[in-house]
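Examination of the molecular architecture
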Amino acid sequence: MTDFAPRHLGPDDDAVARMLEVVGYPSLDAMVDAVVPESIRRREPLALTPVPDESAALARVRALADRNTVVTSLIGGGYYGTVTPNVILRNVLENPAWYTAYTPYQPEISQGRLEALLNFQTMVAELTGLDLANASLLDEATAAAEAMTLARRRSKVAGATFFVDAECHPQVIEVVETRAEPLGIKVVAGDPHTDLGAHEVFGVLLAYPGTHGGVADHRATAAAAKEAGAVVCATADLLALTLLTPPGEWGADVVVGSAQRFGVPMGYGGPHAGFMAVSDDLKRSLPGRLVGVSVDAQGDRALRLALQTREQHIRREKATSNICTAQVLLAVMAAMYATYHGPDGLRAIADRVQRLTAAARGALVANGFRTTADTFFDTVTLRVPGDADRIVAAALAEGLNLRRVSADEVGFSLDETTTPEVVVRLLAAFGIAATVDELDLGAPSGLPAALRRTGDVLTHPTFHRYHSETEMMRYLRRLADMDLALDRTMIPLGSCTMKLNAAAEMIPITWPEFAHLHPFAPADQAAGYRQLVDELEAALVEITGYDAVSFQPNAGSQGELAGLLAIRAYHRDRGDTSREVCLIPDSAHGTNAASAVMAGMRVVVVGTDDHGNVDMDDLRAKVDEHGDRVAAVMVTYPSTHGVFEEGIVELCRIVHDAGGQVYVDGANLNALVGLARPGDFGADVSHLNLHKTFCIPHGGGGPGVGPVAVRSHLAPYLPGHRLFPTHPDSGAPGPNGGVGAVSAAPFGSAVILPIPWMYVTMMGDRLQRATELAILSANYVAARLSPHYPVLYTGSHGLVAHECILDLRPIEKATGITNEDVAKRLIDHGFHAPTMSFPVPGTLMVEPTESESLAELDRFCDAMIEIKGEIDRVGAGEWPADDNPLVNAPHTAPVVGGDDWDHPYPRSLAGWPGGRPGHDGVEWKYWPPVGRIDGGYGDRNLVCSCPPVEDLAE
Ligand SMILES: *Cc1c(COP(=O)(O)O)cnc(C)c1O
């Protein structure tokens, strides 16, 4: 019997007592009373009862899983059955070395996942026939919306019309429309081959293949659109592209889609890796993260994120996109799927799918059924006037879900998991009796002859080396070993809340009853999911004090957009159409400003006072200045400066009095749970980061879930979904509201919702203790480090919230040693650096979370103190400013063990700053695979796919 809370919480009672002594408080309660302003403090315990132990929680979630029904799904529409190779399932998806890593901002400790992502980019670029691809977007629909805004930025056509092929998946069209409206973009959906000429468009989105199955020849259309100045975008299916002429060859400038069917289960809608590939001339407009090749201090090849200056955290309201957390873990899986199968294996899978489709279609046509298209890859739509419901029901009796297109049309999509026996059952649903032997597997291909792919694809050796399980297992191990994730060290990243992702929380996500549901499956097949969603919603309502929650947004950034769209719709419904100003403090996360712009708002920046608080005088002045144009204020609480601002209630009142709404960025909820509720202290809406506070692992940069929680007056404006209009049980509206869909799937990244559900179920009201220990740990670190590094901001009692900012700027001024040098030197100690230069340039922000033991906190503090000692030696002139263990960090094994050593400090200090393994309590040593990386070099010489073999040979 394992009670979960004592396992989730790092410090035990003894440790808590010792930490309190250092922080200077007699009890946890006394410390919390001092930290959290009385004006927002909630004294009732959370009404959440924990289960006795992990097994009880697993039994409960098992019962929910049992309420789901796995039916072989032929619904298609962007989601397909796929076989996750077991070697990838076990060594990536179920492996904390991969799933607990953070976004590779510290590239020296991230070479493994960066290589996996480079494989992903190479795979996408080659299959789409374009020059470069990014390292994943959130899903196909949001990727299509990003393509639209990219086209808008780059096209010379002045008009604001974007043309969408009506053959795009319905959810793609819906999300594009949601995102177009606040930007003043008009979306026209139609048949591009006949209707496009009638419109002056800045961009066009073509479907390849179409949602109903046809494989259109877009060459002439693309050429004409380009001639007229439009940017040509396309949605494409990666599996089909192994057989089809790539869009890059027929004129597409941008290709988007989903990598789901490359080994990532449907998961009732997500998470999966969306992708975007572009031609070379668009590379600087590409949204999202891009992995590129650069060199390290020794001149060796090293990977890191490229062109960072495009991103929201730098460009803020001028950013190309608000995307932050993406879908790294799923991109890694898709890339490894392609690596494992290789080009021949992928082609064989595609070929088999299309043969089975041809056989099914052939039998249907031979029996007098009519199809809507002459061409096909894996999808066929049939005209069955008035008969659709009967056929769908007959298929269900055969254990198959078909796609009901309308009362007169049904469709099916086959996939990697389809067997001839499934085709026989499919035909039976149409009243056709056939046996497996009677299927005509030699039926003619449905791919147009003019669009057959020629030439090799995925020729890089990486896609040919790892086809045996032994080789793949070792490749995955080798890459994982290059990286530092939570399975080896605390990751004290401020604002990112890198806490325990417990095994019990992760276990349910690979159960077939959660993993193998199609997002558009009939509601009664997903009853367990709906109960899980409802229970999680109820828990979050209790925790936040809000009234309703939408789980559709698949990252914090998308929750921000959804929340701001709700505010916008609310004002408009009340006739308040001129409210377009969003007040945002200068300390805000970059996504806030970028999201506000995407929601059609104008960002007005509010200053910060000397204590790091929102400058209330400036706020009042800005509110007065913009008056009834104020739509909202967007603040993070506790602030990104790691402080519970006393003025929050007053801030809410000022903005409400002016008729604006209050958006509280809930990324810091880990400091609030059980102690205060944004819904009580005046906020109207928040997004929560379930991948921070609620234990969904960061996956190396995603997946995430960014549910948006609102008070009741905003509930009607939560995201909707056209394909999911009503609640299956009550008939009440489903995830349906006033602003349309913000993600492709109705419940976003549904398959990872069991993680927060398990966390909340196992912790219950002890979530409050987690919050208190998170605050205690931050204050303990601050207390131990403040004699060595100035702590930038504290609240009125000299305490911080759940994170603290160490100010390296005075140290840099005195010694030349930067926050980056400290971050890199921590790698020699085996640590992941804290957050660098956010929210204040030149600082490090430390967030230890409640899950770290006192021993690990001390290991970190000891390393930081030892580093300060080294800084002092540089400051004292003992070591030159340009040759010391800090500026040369991190030290690789070849450097430390090489034959040349002419530095003024010993090798042992370079390589084993905390003492040698086996000595001084140090049990292991992490060697970074590369030295300090020169990011600028890589940006000047941009390479974003696997480098040619000749280069490797050098
Ligand atoms: C992490 C974070 C976000 C963005 O969340 P994503 O899931 O990465 O999109 C927004 N605001 C703050 C304060 C954050 O820490």
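Residues numbered from 1 in each chain as written. Predicted model: local features only at pLDDT ≥ 70, side-chain atom pairs only at ≥ 80, totals over all residues. Heavy atoms only, no water.

Tallying secondary structure elements over the protein gives 35 helices and 26 strands in all. Dimensions of the protein along its principal axes, counting C-alpha atoms only, are 85 × 70 × 60 Å. Each of the 954 residues in the protein was classed as buried or not, and the buried ones make up 65%. A separation of at least 24 residues holds for 76% of the contacts in the protein among residues at least 6 apart in sequence. (Helix = DSSP H or I, 4+ residues; strand = E, 2+ residues; numbered from the N terminus. Buried < 20%, exposed > 50% of the residue type's maximum accessible area, 1.4 Å probe, protein only. Contact = heavy atoms within 4.5 Å.)

Here we take up the nonpolar core. Residues Met31, Phe120, Met123, Phe262, Phe412, Phe430 and Phe644 are the most contacted members of the largest nonpolar core, which totals 242 residues. The element contributing the most residues to this core is helix 14 (residues 328–366), with 22 residues. Both domains that furnish three or more residues to this core are identified here as domain 1 (43–56 + 522–767) and domain 2 (67–521 + 927–954). The residues contacting methionine 31, other than those within four sequence positions of it, are Leu20, Val23, Tyr25, Glu772, Ile775, Leu776, Asn779 and Leu799. Core analysis: the second largest hydrophobic core is formed by 46 residues, Phe162, Ala180, Met266 and Leu307 among them. (Core = buried A, V, L, I, M, F, W, Y, C linked by side-chain atoms within 4.5 Å. Domains from an automatic or database assignment.)

To continue, consider the site of the ligand. In the neighbourhood of the ligand, 14 residues make up the surrounding shell, with Thr325, Ser495, Asp665, His691 and Lys692 lying closest. Within the complex, 98% of the 380 Å² of free accessible area of the ligand lies under protein. In terms of residues, the shell around the ligand owes the most to one element, helix 22 (residues 556–573), which gives 3 residues. In terms of residue class, the shell around the ligand is made up of 3 nonpolar, 8 polar and 3 charged. For the shell around the ligand, the two domains that each supply at least three residues are domain 1 (43–56 + 522–767) and domain 2 (67–521 + 927–954). (Near = heavy atom within 4 Å. Areas by Shrake-Rupley, 256 points an atom, 1.4 Å probe, with all protein chains shown as cover. Nonpolar A, V, L, I, M, F, W, Y, C, P; charged D, E, K, R; others polar.)

In this structure the tally under the stated criterion is 19 aromatic pairs. Between tyrosine 466 and tyrosine 475 the ring centres are 3.8 Å apart and the planes differ by 5°, which places this aromatic pair in the stacked class. In textbook terms, an aromatic cluster arises when at least three aromatic residues are bridged by ring pairs, as seen for Tyr268, Trp511, Phe514, Tyr529 and Phe747. We note arginine 152 situated over the ring of phenylalanine 202; from NZ or CZ to the ring centre the distance is 5.6 Å. (Phe/Tyr/Trp six-rings, centres within 6.5 Å; stacked < 30°, edge-to-face > 60°. Lys NZ or Arg CZ within 6 Å of the ring centre and 35° of its normal.)

So, on to the environment of glutamate 146. Along the chain, glutamate 146 turns up in helix 8 (residues 140–154). Each C-alpha atom of the pair glutamate 146 and methionine 276 lies 8.8 Å from the other, and the pair is 130 residues apart in sequence. When neighbours within four sequence positions are excluded, glutamate 146 is seen to be in contact with Leu137, Arg179, Met276, Pro287, Thr320, Ser321 and Ile323.

The domain architecture assigned to the protein consists of domain 1 (43–56 + 522–767) and domain 2 (67–521 + 927–954). On a C-alpha basis, the centres of domain 1 and domain 2 stand 29 Å from each other. Facing the 74 residues of domain 1 at the interface are 67 residues of domain 2. When domain 1 packs against domain 2, close to 5700 Å² is buried across both sides, 58% of that on carbon and sulfur atoms. Linking domain 1 with domain 2 are 2 salt bridges. Note that glutamate 177 is salt-bridged to arginine 722, the shortest N-O span being 2.6 Å. For the side of domain 1 that touches domain 2, the secondary-structure elements that each account for two or more residues are helix 21 (527–544), helix 22, helix 23 (590–598) and helix 27 (754–763). (Buried area = accessible area lost by both parts, 1.4 Å probe. Salt bridge = Lys/Arg side-chain N within 4 Å of Asp/Glu carboxyl O.)

Taken in spatial order, the 4 strands line up as 11-12-15-14 in an open sheet, and their pairing is antiparallel. Of all the strands in the sheet, the pair left with one neighbour each is strand 11 (370–371) and strand 14 (403–406). By the bridge criterion, 5 bridges tie strand 12 (residues 379–383) to strand 15 (residues 409–413) in an arrangement that is antiparallel. Residue arginine 383 lies in a different strand from strand 15, and its bridge partner there is glutamate 409. (Pairing = 2+ DSSP bridges.)

Here we come to unusual backbone geometry. Cis geometry is found at the peptide bond from tyrosine 208 to proline 209, where omega equals -10°. Looking at where proline 209 falls in the secondary structure, it is placed in the loop between strand 5 (203–208) and helix 11 (219–227). Residues phenylalanine 838 and proline 839 are joined by a peptide bond in cis, for which omega reads 0°. Tracing the sequence through the fold places proline 839 in the loop between strand 24 (835–836) and strand 25 (843–846). Of note in this structure, serine 136 is not a glycine but carries a positive phi near 115°. Backbone geometry at serine 837 places phi at a positive 60°, although glycine is not the residue there. The topology assignment puts serine 837 in the loop between strand 24 and strand 25.

Right, let's talk about the packing of helix 24 (residues 616–626) against helix 25 (residues 648–657) for a bit. In contact at an axis separation of 10 Å, helix 24 and helix 25 are set at 10° when each is read in the N-to-C sense. What the angle tells us is that helix 24 and helix 25 run roughly parallel. The residues of helix 25 that touch helix 24, namely those facing Met616, Leu619, Arg620 and Val623, are Glu650, Leu651 and Ile654. Within the contact of helix 24 with helix 25, the residues separate by chemical class into 5 nonpolar, no polar and 2 charged. (Axes fitted to C-alpha atoms, helices over the stretch in contact; angles between N-to-C directions. Parallel < 35°, antiparallel > 145°, perpendicular 65-115°, else oblique.)

What follows covers the pattern of salt bridges. Within the structure shown, the criterion is met by 52 salt bridges. With a closest N to O distance of 2.9 Å, aspartate 807 and arginine 809 form a salt bridge. Among the residues examined, arginine 809 registers a relative accessible area of 36% and is labelled partly exposed. Each member of the salt-bridge network shares a partner with another, and the members are Arg42, Glu44, Glu542, Arg677 and Asp680.

Mapped onto the elements of the fold, arginine 932 is located in the loop between helix 33 (907–911) and strand 26 (933–934). Reaching out from arginine 932, the side chain makes a polar contact with the backbone oxygen of alanine 889 at a distance of 2.7 Å. Setting aside its immediate chain neighbours within four residues, arginine 932 contacts Glu108, Val295, Asp296, Ala297, Glu820, Asp821, Lys824, Leu886, Val887, Asn888, Ala889 and Pro890. (Polar contact = N/O pair within 3.5 Å; in protein donor to acceptor, adjacent residues only side chain to side chain.)

It is worth spelling out the side chain of histidine 169 at this point. Within the element layout of this structure, histidine 169 appears in the loop between strand 3 (161–165) and helix 9 (170–180). Leaving out residues up to four positions away in the same chain, histidine 169 has contacts with Gly77, Gly78, Tyr80, Glu140 and Thr211.

The strand order across the open sheet formed by 7 strands is 16-22-21-20-19-17-18, and the pairing between neighbours is mixed. Unpaired on one side and paired on the other, strand 16 (548–550) and strand 18 (602–606) mark the two borders of the sheet. Strand-to-strand twist across the sheet, computed as the mean angle between neighbouring axes with direction ignored, equals 25°. Across 5 bridges, the pairing between strand 17 (residues 581–585) and strand 18 is parallel. What sits directly across from proline 585, in strand 18, is valine 606.

Next up on the list: helix 25. Those residues of helix 25 that sit buried are Ile648, Leu651, Cys652, Ile654 and Val655. All buried residues of helix 25 lie within an arc of 160° about the axis, which places them on one face of the element. As for helix 25, its buried residues are in contact with helix 24, strand 19 (630–636), strand 20 (661–666) and helix 26 (678–681). Positive backbone phi, at 90°, marks glycine 659, one or two positions downstream of helix 25. (Arc of directions from axis to C-beta.)

Direction vectors running N to C along helix 14 and helix 18 (residues 469–481) enclose 145°, while the axes themselves pass 10 Å from each other. The way helix 14 lies across helix 18 gives a crossing that is right-handed. Here Met336, Thr339 and Tyr340 of helix 14 come into contact with helix 18, specifically with Glu469, Met472, Tyr475, Leu476 and Leu479. Here the residues of the contact of helix 14 with helix 18 are counted per class, giving 6 nonpolar, 1 polar and 1 charged. (Left-handed = near helix turned anticlockwise from the far one by under 90°.)

Relative to the helices and strands, valine 204 is located in strand 5. Here valine 204 falls in the buried class, since its relative accessible area comes to 1%. Excluding anything up to four places from it in sequence, valine 204 contacts Phe162, Phe163, Leu196, Ala225, Val231, Val232 and Cys233.

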